[in-house]
Amino acid sequence: MKIQAITLFPEMFDSITGYGVTGRALQQGLWRFEAVNPRRFADNKLGYIDDRPFGGGPGMIMMAPPIYDAIEAARTQTQSGRGRVIYLSPQGAPLTHAKAAELAQLSDLILLCGRYEGIDERLLQSSVDEEIGIGDFVVSGGELPAMMLMDAVLRLVPGVLGDVRSAEQDSFSDGLLDCPHYTRPTEFQGMAVPEVLRSGNHGLIAEWRLEQSLRRTLARRPDLLARRSLIPQEARLLQKIKQEQRDIQS
Ligand code: 4FN
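Think of each chain on its own: its residues are numbered from 1, step by step along the sequence as written. This being a predicted model, a pLDDT of at least 70 is required before a residue's local features are given, and a value of 80 or more before pairs of side-chain atoms are given or counted; all residues contribute to the totals for chains, interfaces and linings. Values reported for side chains reflect all heavy atoms of the structure, with hydrogen atoms and water molecules removed beforehand.

Chemist: What's the story with the side chain of lysine 99 in this structure? I'm lost.
Modeler: On the secondary structure map, lysine 99 appears in helix 4 (residues 97-103). Side chain to side chain, lysine 99 and glutamate 130 meet in a polar contact 2.5 Å long. Residue contacts are defined here by distance: any two heavy atoms, one from each residue, within 4.5 Å place the two residues in contact. Those residues in contact with lysine 99 that lie beyond four places of it in its chain are Arg84, Glu130 and Ile132. The numbering of helices and of strands both runs from the N terminus, where a helix is a DSSP run of H or I of at least 4 residues and a strand a run of E of at least 2. Polar contact is defined as a pair of N or O atoms within 3.5 Å, subject to the rule that within protein one atom must be able to donate a hydrogen and the other to accept it, and that residues adjacent in sequence are counted only when both atoms are side-chain atoms.

Chemist: I keep staring at the sheet that holds strand 2 (residues 32-36) and nothing clicks. Help me out?
Modeler: Paired through their backbone hydrogen bonds, the strands of a sheet run either parallel or antiparallel. Pairing between two strands is assigned when DSSP locates at least 2 bridges connecting them. The five strands lie next to each other as 2-1-6-5-7, forming an open sheet whose pairing is parallel. For this open sheet the edge positions go to strand 2 and strand 7 (130-133), each flanked by a neighbour on one side alone. Averaged over all pairs of adjacent strands, the angle between their axes in this sheet comes to 35°, without regard to strand direction. Each of strand 1 (2-6), strand 2, strand 5 (84-94) and strand 6 (108-112) is contacted by helix 3 (residues 64-76), which is oriented at about 165° to strand 6, the strand it contacts most. Every axis corresponds to a line fitted to the C-alpha atoms, with the helix fit spanning only the stretch in contact, and the corresponding angles, defined between N-to-C directions, vary from 0 to 180 degrees.

Chemist: What am I meant to see in the packing of helix 8 (residues 202-220) against helix 10 (residues 232-249) here?
Modeler: Packed helix pairs are specified by the crossing angle of their axes together with the interaxial distance, meaning the distance between the axes. Contact geometry for helix 8 and helix 10: axes closest at 10 Å, N-to-C directions at 60°. When the interaxial angle is binned, helix 8 and helix 10 end up oblique. For helix 8 against helix 10, the interelement crossing comes out right-handed. Only Gln233, Glu234, Arg236, Leu237, Leu238, Lys240, Ile241, Lys242, Glu244 and Gln245 of helix 10 make contact with helix 8, whose side of the interface consists of Glu207, Leu210, Glu211, Leu214, Arg215 and Leu218. Each residue belonging to the contact of helix 8 with helix 10 can be placed in one class, and the counts come to six nonpolar, two polar and eight charged. Here roughly perpendicular refers to angles of 65 to 115 degrees, roughly parallel to angles under 35, roughly antiparallel to angles over 145, and oblique to all remaining angles. Throughout, a crossing is termed right-handed when the near helix is turned clockwise from the far one, and left-handed when it is turned anticlockwise from it by less than a right angle. All residues other than Ala, Val, Leu, Ile, Met, Phe, Trp, Tyr, Cys, Pro, Asp, Glu, Lys and Arg, Gly among them, are scored as polar; the first ten of these are nonpolar and the last four charged.

Chemist: Help me understand the site of the ligand in this model?
Modeler: The nearness test applies per residue and asks whether one of its heavy atoms lies within 4 Å of the molecule or strand. The ligand sits among 19 residues. The nearest are Ile134, Gly135, Phe137, Val138 and Val139. Valine 139 places a polar main-chain atom, nitrogen or oxygen, 3.2 Å from an oxygen atom of the ligand. For the ligand, the accessible surface in isolation is 620 Å², of which the surrounding protein chains cover 76%. Looking at the shell around the ligand, the elements that each hand over two or more residues are strand 5 and strand 7. Element by element, the count of residues in the shell around the ligand is highest for strand 5, at three residues. Among the residues forming the shell around the ligand, the class breakdown is nine nonpolar, seven polar and three charged. Surface accessibility in these figures is a Shrake-Rupley result with a 1.4 Å probe; residues are shielded only by whichever protein chains are displayed.

Chemist: It is not clear to me how helix 6 (residues 143-154) should be interpreted in this structure. Could you clarify?
Modeler: Because each turn of an α-helix spans 3.6 residues, side chains separated by three or four positions in sequence point in the same direction. Over its 12 residues, helix 6 runs 16 Å from end to end, which matches the ideal 16 Å to within 8%, given 1.5 Å per residue. Exposure is judged per residue with a 1.4 Å probe applied to protein chains only, and the accessible area is read against the type maximum: over 50% gives exposed, under 20% gives buried, and values in between give partly exposed. Inspection of helix 6 places Glu143, Pro145, Ala146, Met147, Leu149, Met150, Val153 and Leu154 among the buried residues, and these make up the whole buried set. In this analysis, the expected span of each helix is defined as 1.5 Å times one less than the number of residues it contains.

Chemist: I would appreciate a short explanation of the packing of aromatic side chains in the present structure.
Modeler: Only Phe, Tyr and Trp rings take part, Trp by its six-membered ring, and two of them pair if their centres are within 6.5 Å. Stacked means planes under 30 degrees apart, edge-to-face means over 60, and tilted covers everything else. Counted according to the given criterion, the structure contains two aromatic pairs. A centroid spacing of 5.2 Å and a plane angle of 25° characterise the contact between phenylalanine 13 and phenylalanine 33, whose relative ring orientation is stacked. With phenylalanine 13 in the loop between strand 1 and helix 1 (14-18) and phenylalanine 33 in strand 2, the pair connects residues that are 20 residues apart, well separated along the chain. Both rings, one in tryptophan 31 and one in phenylalanine 33, keep their centres 6.3 Å apart while their planes meet at 65°; by these two values the pair is edge-to-face. No difference in accessibility class separates tryptophan 31 from phenylalanine 33, as the two residues are buried. Each member of the aromatic cluster is reached from another via a ring pair, and the members are Phe13, Trp31 and Phe33.

Chemist: What should I look at first to understand the pattern of salt bridges in this one?
Modeler: Any two side chains of opposite charge can pair, given that their charged atoms come close. Salt-bridge detection follows one rule: a side-chain nitrogen of Lys or Arg within 4 Å of a carboxyl oxygen of Asp or Glu. By the definition in use, this model includes 14 salt bridges. The salt bridge partner of glutamate 102 is arginine 84, with a shortest N-O separation of 2.9 Å. Placement of the pair is glutamate 102 in helix 4 and arginine 84 in strand 5, with a sequence separation of 18 residues. By relative accessible area, which is 34% here, glutamate 102 ends up partly exposed. Each of the salt bridges in this network shares a partner with another, and the network as a whole consists of Arg84, Lys99, Glu102 and Glu130.

Chemist: What should I look at first to understand the environment of valine 139 in this one?
Modeler: Tracing the chain through its elements places valine 139 in the loop between strand 7 and helix 6. Here valine 139 falls in the partly exposed class, since its relative accessible area comes to 46%.

Chemist: Even after reading the chapter, I still don't get the nonpolar core, so can you show me in this structure?
Modeler: A general trend in soluble globular proteins is that nonpolar side chains are found buried together. Ile3, Phe13, Leu109, Leu111, Met150 and Val153 are the most contacted members of the largest nonpolar core, which totals 25 residues. Only strand 1, strand 5, helix 4, strand 6 and helix 6 provide two or more residues apiece to this core. Here this core gets six residues from one element, more than from any other, and that element is helix 6. Of all hydrophobic cores here, the second largest spans 19 residues; its members include Ala42, Ile49, Ile67 and Ala74. In these notes, a set of buried Ala, Val, Leu, Ile, Met, Phe, Trp, Tyr and Cys residues joined through side-chain atoms within 4.5 Å is what counts as a nonpolar core.

Chemist: Help me out: how do you make sense of helix 8 in this one?
Modeler: Taking 1.5 Å of rise per residue, the 19 residues of helix 8 would be expected to cover 27 Å, and the 27 Å separating its terminal C-alpha atoms lies within 8% of that figure. Buried within helix 8 are the following residues: Ile205, Trp208, Leu210, Glu211, Gln212, Ser213, Leu214, Thr217 and Leu218. Looking at the packing, one finds that the buried side of helix 8 touches helix 9 (222-226) and helix 10. Where helix 8 starts, the residue carrying a side-chain oxygen 3.3 Å from the main-chain nitrogen of glycine 203 turns out to be asparagine 201.

What follows is the structure in structure tokens.
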């Protein structure tokens, strides 16, 4: 996979290219990265690519022509000759694990990172295939959202995670929150490790973990449960949890 970012701050991407599983995978040649700075395509010697908004108001808007040229330059550097152009934007549909899995199948992503108040709407109409957001909060630019998307996508590219099982076992990839995790020491600040995890009974351990995942999902993210079908074992455990909570109420 090749990922290109259209960004005024290429150095920000040193964090994802230089560290952790994404950094190692880049060194191994499992993906490639290129930043394209739209300042290269400014129509003025000073390199500014923003201007004041028509209609007035605060802040500046990124101009369409230099962004357009940057995207076209990125397209010439794709493996496929085109590539999907994604604008990281609070107007976009929220990023999900399913969307990350879809993007992980593609050979070329071009990630457009906004700054200032955003980008001229005509550029979005002419050149953007898809808008994706990562949450309902104000940020200063699209670079961190782009890197979050990259991390989520790259983990799903074959070979990026050394151990295939850890990608499958992660919470969310099966639509439930994670169960609690424990390691040494067996006691910390008066708190013991749940006995079942030290029992060696792997059937019981798996069932305990599933029950914990269901409890947490029900308590903290019931929206996730609503969107997901349950296998018989999960339905049975969930009934048990709900009955237990009704018993406490009465
Ligand atoms: N943000 C909101 C409403 C209106 C504007 C913003 C905002 C960066 C270029 C966009 C924000 C949030 C999630 C990109 C926020 C994201 C961005 C994202 C983003 C500079 C213009 C801007 C959501 C609070 C109602 C600034 C909310 N995911 N504007 O933050 O790019 O990807």
